[in-house]
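Given next are the chains, with one letter for each unit.
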Amino acid sequence: MESEKKTTVLITAAAQGIGYATARRLAEAGFQVIATDIDEGKLHELSDIPGIQTEVLNVLQPEAISALVERHPVIDVLFNCAGIVHSGDVLHTESDEMNFAWQLNVMAQYHLIRAVLPGMLAQQDGCIINMSSIASSLKAVPNRCAYSVSKAAVIGLTKSVAADYITQGIRCNAICPGTVETPSLHQRLRDTGDYETARAAFISRQPMGRIGQPEEIAGLVHYLITATFTTGQVHHIDGGWSA
């Protein structure tokens, strides 16, 4: 008797933060996880966990994405987690920063969706989850011009894919976190020159009085994989910040 096929999940930026927490949670839940990241050293921390296969991937290289999907032609779930946060208003956002935010936050998701979608369409079943942000078209956040512009585009991409393929078994949703306890956040706090003051300011704007945890976002990813009547939705997970 053949064993039941496991759902295969491809995760980008899986070496730390939200991607790491999601890879662990889904593996523990019985999914087959392909955890990818550009940082081979940090990615190695996942390699011994049952249910996780690691692959080095630079999501800015479409040819590398294509090669990865050729090696793993059956991807049931794509979690587009890779991204970057730039600080600065429009006058303090240089064109190279805007371009890089666009390439990493939007175009990488575009290329990954294009790579995995034919396989999903062939089986008339697939789940795509895109990382957006509350700082997007949902809420104005000071000094996040490049980030907000690119994350707003992710919402547009999500809804477009959902609408185009809704009758062919494909679901596409976006996750919009508020402030989450990640290495990226810690670096941004250090970059201010006053870590503790900056951290206190971030916490003070959260109605729940705390910063979100990566495991909480991972829980939403897990839910969306199983929420088979949900598509084209923008899921706020921000501790009430946008309420």
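Quick note: structure is the one above.
Below: a short report on this structure. On a predicted model such as this, the values are computed, not experimentally measured, just so you know. (Residues numbered from 1 in each chain as written. Predicted model: local features only at pLDDT ≥ 70, side-chain atom pairs only at ≥ 80, totals over all residues. Heavy atoms only, no water.)

1. Overview of the nonpolar core
If you look at the biggest cluster of nonpolar residues, it comprises 28 residues, and the most contacted ones within it are Val 33 and Ile 225. Listed by contribution, the elements that provide at least two residues to this core are strand 1 (8-11), helix 1 (17-28), strand 2 (32-37), strand 4 (77-80), strand 5 (126-131) and helix 8 (214-226). Take this core: its biggest share by element is 5 residues, from helix 8. The contact partners of Ile 225, leaving out residues within four places of it in the chain, are Val 9, Leu 26, Phe 31, Val 77, Cys 127, Ile 129 and Arg 171. In terms of nonpolar packing, the next biggest core, distinct from the first, is built from 25 residues, Val 69, Ala 108, Ala 115 and Ile 170 among them. (Core = buried A, V, L, I, M, F, W, Y, C linked by side-chain atoms within 4.5 Å. Buried < 20%, exposed > 50% of the residue type's maximum accessible area, 1.4 Å probe, protein only. Helix = DSSP H or I, 4+ residues; strand = E, 2+ residues; numbered from the N terminus. Contact = heavy atoms within 4.5 Å.)

2. Focus: the layout of surface pockets
Estimated volume of the largest pocket: approximately 1,000 Å³. Forming the walls of the largest pocket are 44 residues, and the residues nearest its centre are Cys 81, Gly 83, Ile 84, Val 85 and Ser 184. Secondary-structure elements contributing two or more residues to the lining of the largest pocket are helix 1, helix 4 (95-122), helix 5 (145-165) and helix 6 (183-191). Considering each element in turn, the lining of the largest pocket owes the most residues, 6 residues, to helix 6. Split into classes, the residues belonging to the lining of the largest pocket amount to 24 nonpolar, 12 polar and 8 charged. In this structure, the second largest pocket encloses a volume near 190 Å³. Broken down by class, the residue content of the lining of the second largest pocket amounts to 4 nonpolar, 3 polar and 5 charged. (1 Å grid on protein atoms, 1.4 Å probe; cavity = no way out; pocket = protein on both sides within 12 Å on 5 of 7 lines; lining within 4 Å. Points joined across faces, edges and corners; volume = space filled by probe spheres on them. Nonpolar A, V, L, I, M, F, W, Y, C, P; charged D, E, K, R; others polar.)

3. A word on the pattern of salt bridges
A side chain with one charge can pair with a side chain of the opposite charge if their charged atoms come near. This structure, assessed with the given rule, holds 4 salt bridges. Arg 71 is paired through a salt bridge with Glu 55; the nearest N and O atoms lie 2.8 Å apart. Note that Arg 71 is positioned in helix 3 (residues 62-71) and Glu 55 in strand 3 (residues 52-56), a separation of 16 residues in sequence. What makes Arg 71 partly exposed here is its relative accessible area of 47%. One salt bridge in this structure joins Glu 216 and Arg 210, with 2.7 Å as the shortest N-O distance. (Salt bridge = Lys/Arg side-chain N within 4 Å of Asp/Glu carboxyl O.)

4. Focus: the packing of helix 6 against helix 7 (residues 195-204)
Between helix 6 and helix 7, the shortest axis-to-axis distance is 7 Å and the interhelical angle comes to 125 degrees. Relative to helix 7, helix 6 is oriented oblique. Relative to helix 7, the crossing made by helix 6 is right-handed. Contact residues: helix 6 offers Leu 185, His 186, Arg 188, Leu 189 and Arg 190, while helix 7 offers Tyr 195, Ala 198, Arg 199 and Phe 202. Each residue belonging to the contact of helix 6 with helix 7 can be placed in one class, and the counts come to 5 nonpolar, 1 polar and 3 charged. (Axes fitted to C-alpha atoms, helices over the stretch in contact; angles between N-to-C directions. Parallel < 35°, antiparallel > 145°, perpendicular 65-115°, else oblique. Left-handed = near helix turned anticlockwise from the far one by under 90°.)

5. Overview of the packing of helix 4 against helix 5
It is the contact of helix 4 with helix 5, at a shortest axis distance of 8 Å, that shows an interaxial angle of 15 degrees. By the criterion of interaxial angle, the relationship of helix 4 to helix 5 is roughly parallel. Between helix 4 and helix 5 lies a crossing of right-handed hand. Contact with helix 4, carried on its side by Glu 97, Met 98, Ala 101, Trp 102, Asn 105, Val 106, Gln 109, Tyr 110, Ile 113, Leu 117 and Leu 121, involves Cys 145, Ala 146, Tyr 147, Val 149, Ser 150, Lys 151, Ala 153, Val 154, Leu 157, Val 161 and Tyr 165 of helix 5 and no other residues of that element.

6. A few points about unusual backbone geometry
Phi at Ala 13 is positive, roughly 55 degrees, even though this residue is not glycine. Locating Ala 13 in the fold gives a position in the loop between strand 1 and helix 1. Assessed through its relative accessible area of 23%, Ala 13 is described here as partly exposed. Its identity as a non-glycine residue notwithstanding, Asn 143 has a phi of 60 degrees, on the positive side. Relative to the helices and strands, Asn 143 resides in the loop between strand 5 and helix 5.

The values reported here are purely geometric and, on their own, carry no functional implication.
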